[in-house]
Amino acid sequence: MSPEAHSAPRSLAEALRARDDTSLAALLRSRPDLITPVPTDLTQLATRAGTRASVLRALERLDRFALQTAEALAVAPDPASYGTLLGLMAGDGGDETVAGALPRALATLREQALVWGGDDRLRLVRTARELLAPSPQHPSPTGLGPTVQEATSGMSPGRIQEIVTAAGLPSTHDSVSAVTALTGLFTHRKKMAKLLAGAPEAAREVLTRLVWGPPYGQVTAEPAAHLRWLLDRGLLLPTAPGTVVLPREVALHLREGRAHRAPEPLPPAVAPATTHSPQVVDATAAGQAYTALATVEELLKDWDEGGPAVLRAGGLSVRDLKRTAVALDVSEPVAAFWTELAYAAGLIASDGEADERYAATPAYDEWLELPPAERWARLAQAWLPATRTPGLVGGRDAKDRTLSALGPGLDRSAAPEVRHRVLALLAGLPRGAAPDAESVLARLRWERPLRGAQRDSGEDDLRTRLARWTLSEAELLGVTGRGALSAQGRALLGAPPAGGTAGRSGGAALTGEPAARTAEPATAPRGGPAAGPAEPAGPGDKLPVHHHRVPDRLAPLPAAEQALAAAAAARLLAPLLPEPLDHVLLQADLTAVAPGPLRRPLADMLGVLADVESKGGATVYRFTPASVRRALDAGRTAADLHAFLAEHSRTPVPQPLAYLIDDVARRHGHLRVGAASAYVRCDDDALLNEILADKRAAALRLRRLAPTVLATQSDPAALLEGLRAMGYAPAAESAEGDVLITRAHAHRTPPRTAPEPVPDGPPPPDGTLLTAAIRAIRAGDLAATAPRKPVGEHLASGELPRTSAADTLATMQAAVLTGDSVWIGYVNADGAASQRVIAPVRVEGGFVTAYDHTADEVRTYPLHRITGVAELADD
């Protein structure tokens, strides 16, 4: 191997160039924004990896210990050795747990191109150092202040010499050597201990207050004696009038070398709160799943003829949400969840009419025809990746506008990831174990720690609220039962089935490859150290960056695999759901009891013939004159109703119910209402006399046209309602005198697609895209870095070669004869310029056919689009 292969990289681009394809794939998978669009070469990839937006995004996705490691590197010398970093993380006394976890954290930073260089010269990328290094405007989470060199940069040389002398050091001839000597004193443990031993007690108390940050303090123009003692020896340095700072080297000595007060190398374990029998969990979850289906059906049935109006700004009004909550007998937040879930599943949408309203979509009718387990799977499959967040309903947006259900502003890109992560943590617990919610939240905070103002606000951040909502929504939907993940919930995630292998407290391990979803045995200790070398890596050790595995992760499934997982979940749920019944129990008090779910034709007919009085394990229906009349208005006869009840009742039809049906049927249609504006006709003139004499009919303003006909200016619908309110049973009739049969009109929207989730940045690239991107980057890098002979004037870096048409043709023809590769500049039909390394095979007709090393294929190029050609250097 050449000596250059062993040389340390001088830049991030060189470090990336030394990586293999597996390592580059890991980088692009963990930071997908780097591949959009595909960089032309590794230099551009390194430049993009160092931009502020990309680095911020990468830092936000680090776990707490990896972030603490990056923060330690930001306050370490640049470059720093592995030993220096280990000292900052573990302190002078050492910490075996920190030392064991540090290689994994460093490997994570290297994999994500936040750190580069060997173990003897670790470098944090410049942008990350700028973001994490301490400054007066942005204090470091480490609580450290500036170095002695930074704090004395504006100090006069005379004052620096006074500090050096007071600290017991010999004076120097210049400020640079004086600052160096002072820094050496503060970093020398024995000399520093001797200096502090002579400090007044009050001075030591001041240092104790500042040591863990913030490192800044206020002093008066005439400081007290103990403060003057510190200032004279440089243990406190002035940064502005009245402000002093504790130098970083002094703080690290007082901290015994630790950059962080409490390093957190291990993720907190997810603790079980209670444990239930897996059978009880699955049965409870199945009951919740059945309730979920019934609730969604009831919601859509309530909106069957057209639901609430759409607000001008979009969404449901507060009043309509309250009405929906009352109709479903749930709280308003729960009603918002069911409404949003039906919307995410594509079951409801706005109809797009001039008077826009919400209504069921044609997909709802298709959904109703599916078996119950498959209907539940469809809902769960829509819930998992949804970015719309019902928990935000009722809150305020950035412009202080109320966020409404089904309205804009509810998308939160982090929701699917948090939702999946919470369920993965539950999947890592033993079967039947319900987690302690606070331990789940603590784990999530370790995996994605807050930074800056978010961390200091003391309020629940968005991820914490999303996690809380996930736990409650999973219970409502039947993904969990009694707080524990059910069998169908595990299948939905693609987790190992019951009796198989279970992950640790964080779920199964994600290897980075879609096919490698493996998990550790259920008996493995939860919250143990992450995968990585057991011993700290020394300066000469090589960390296997491209073999690093993200610990305790269960990866979200691709769309195709998610469909298979949903089908598996449906198969597990199906045997646990109650079988629909074909009968009810009629009772003498004009009620019918359905001891379980009813088959759809029976439930639909009973919903017309009776009113639902109560729900629960058994549904109670009540027969009333109005409900029987509703069935008669729908075209049923008394004989039809008697036959229906006799067929579907396990008990004899009670006499009071039979009398009720016959009585309403006998009076139904005796009165006929048509349009005059409206009229009433009846063969029994005594009945019309009774109506005219009734004071309640005064509002209808009826007048007699004939012995058997009354007329009014009211419309037929108002007349029907008025007479029914008086206790009569009129029937509407057509212009031909036939009785009108009224059936519920099912209003449907035009075909609508379910709302698409709003992605949180570019989606992770799949294997095919990664392979093609790495191939293109490698080829572009080959063309950009290939050594070539000079052509005329020396070319600037990145400039395309320029040769005359005759020279280009001659060089191409010579390359065909010799079989050599050449470097060309090429401008395509769109005007995009690129440089390529090609091996010409044939030159004729104004075209050159060559093997393109950049594209790794044979291509043909018009000679007039080649800007110039240069021979490659011999080496």
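To be clear, the structure that these remarks concern was listed above.
Source: prediction; values computed, not measured.

Rules behind the numbers
Residues numbered from 1 in each chain as written. Predicted model: local features only at pLDDT ≥ 70, side-chain atom pairs only at ≥ 80, totals over all residues. Heavy atoms only, no water. Pairing = 2+ DSSP bridges. Helix = DSSP H or I, 4+ residues; strand = E, 2+ residues; numbered from the N terminus. Axes fitted to C-alpha atoms, helices over the stretch in contact; angles between N-to-C directions. Buried < 20%, exposed > 50% of the residue type's maximum accessible area, 1.4 Å probe, protein only. Contact = heavy atoms within 4.5 Å. Core = buried A, V, L, I, M, F, W, Y, C linked by side-chain atoms within 4.5 Å. 1 Å grid on protein atoms, 1.4 Å probe; cavity = no way out; pocket = protein on both sides within 12 Å on 5 of 7 lines; lining within 4 Å. Points joined across faces, edges and corners; volume = space filled by probe spheres on them. Phe/Tyr/Trp six-rings, centres within 6.5 Å; stacked < 30°, edge-to-face > 60°. Lys NZ or Arg CZ within 6 Å of the ring centre and 35° of its normal. Polar contact = N/O pair within 3.5 Å; in protein donor to acceptor, adjacent residues only side chain to side chain.

### Digging into the sheet that holds strand 14 (residues 585-587)
Stage number 1. Spatially, 14-15-17-16 is the arrangement adopted by the four strands of the open sheet, whose pairing is antiparallel. Sheet topology places strand 14 and strand 16 (611-614) at the edges, where each strand pairs with a single neighbour. The mean angle between the axes of side-by-side strands here comes to 30°, regardless of whether they run parallel or antiparallel.
Stage number 2. Of the strand pairs in this sheet, strand 15 (residues 591-594) and strand 17 (residues 619-622) are connected by four bridges, and their pairing is antiparallel. Among the inter-strand pairings, A594 is bridged to a residue of strand 17, identified as T619.

### Details of helix 23 (residues 437-447)
Stage number 1. Those residues of helix 23 not exposed but buried are S439, V440, L441, R443, L444, W446 and E447.
Stage number 2. Of the surrounding elements, those touching the buried residues of helix 23 are helix 6 (64-75), helix 8 (96-111), helix 22 (415-427), strand 9 (433-435) and helix 25 (462-477).

### Some thoughts on the nonpolar core
Grouped burial of nonpolar side chains is what soluble globular proteins tend to show.
Stage number 1. One finds F186, L235 and L236 to be the most contacted residues of the largest nonpolar core, which totals 91 residues.
Stage number 2. The greatest single-element share of this core, amounting to eight residues, is contributed by helix 6.
Stage number 3. Residue contacts for L235: discarding those within four places in its chain leaves F186, M192, L195, L196, L207, W229, L230, V245, L246, P247 and V250.
Stage number 4. Membership of the second largest hydrophobic core comes to 73 residues, among which are V310, A380, L429 and L485.

### Topic: empty space enclosed by the protein
Stage number 1. Enumeration over the complete set of coordinates arrives at five cavities of 30 Å³ or more.
Stage number 2. The calculated volume of the largest cavity comes to roughly 80 Å³.
Stage number 3. Around the largest cavity, the lining residues are F337, E340, L341, A344, W383, A386, R388, P390, R419 and E473.
Stage number 4. In terms of residue count, the dominant contributor to the lining of the largest cavity is helix 19 (residues 332-344) (four residues).

### Here's the deal with the packing of aromatic side chains
Stage number 1. One pass over the full model with this rule turns up four aromatic pairs.
Stage number 2. Between Y826 and Y861, the aromatic rings sit 4.9 Å apart at their centres with planes inclined by 70°, giving edge-to-face as the arrangement. Here Y826, found in strand 23 (residues 822-827), pairs with Y861, found in strand 26 (residues 857-862); they are 35 residues apart in sequence, far enough to count as distant. For the pair shown, Y826 and Y861 are each scored as buried.
Stage number 3. Over the aromatic face of W367 sits the side chain of R375, whose NZ or CZ is 5.4 Å from the ring centroid.

### Some details on the environment of D411
Stage number 1. On the secondary structure map, D411 appears in the loop between helix 21 (372-383) and helix 22.
Stage number 2. Here D411 falls in the partly exposed class, since its relative accessible area comes to 28%.
Stage number 3. Spatially, the C-alpha atoms of D411 and V758 are 6.7 Å apart, while their sequence positions differ by 347 residues.
Stage number 4. Of the polar contacts made by the side chain of D411, one reaches the side chain of T387; its length is 2.6 Å.

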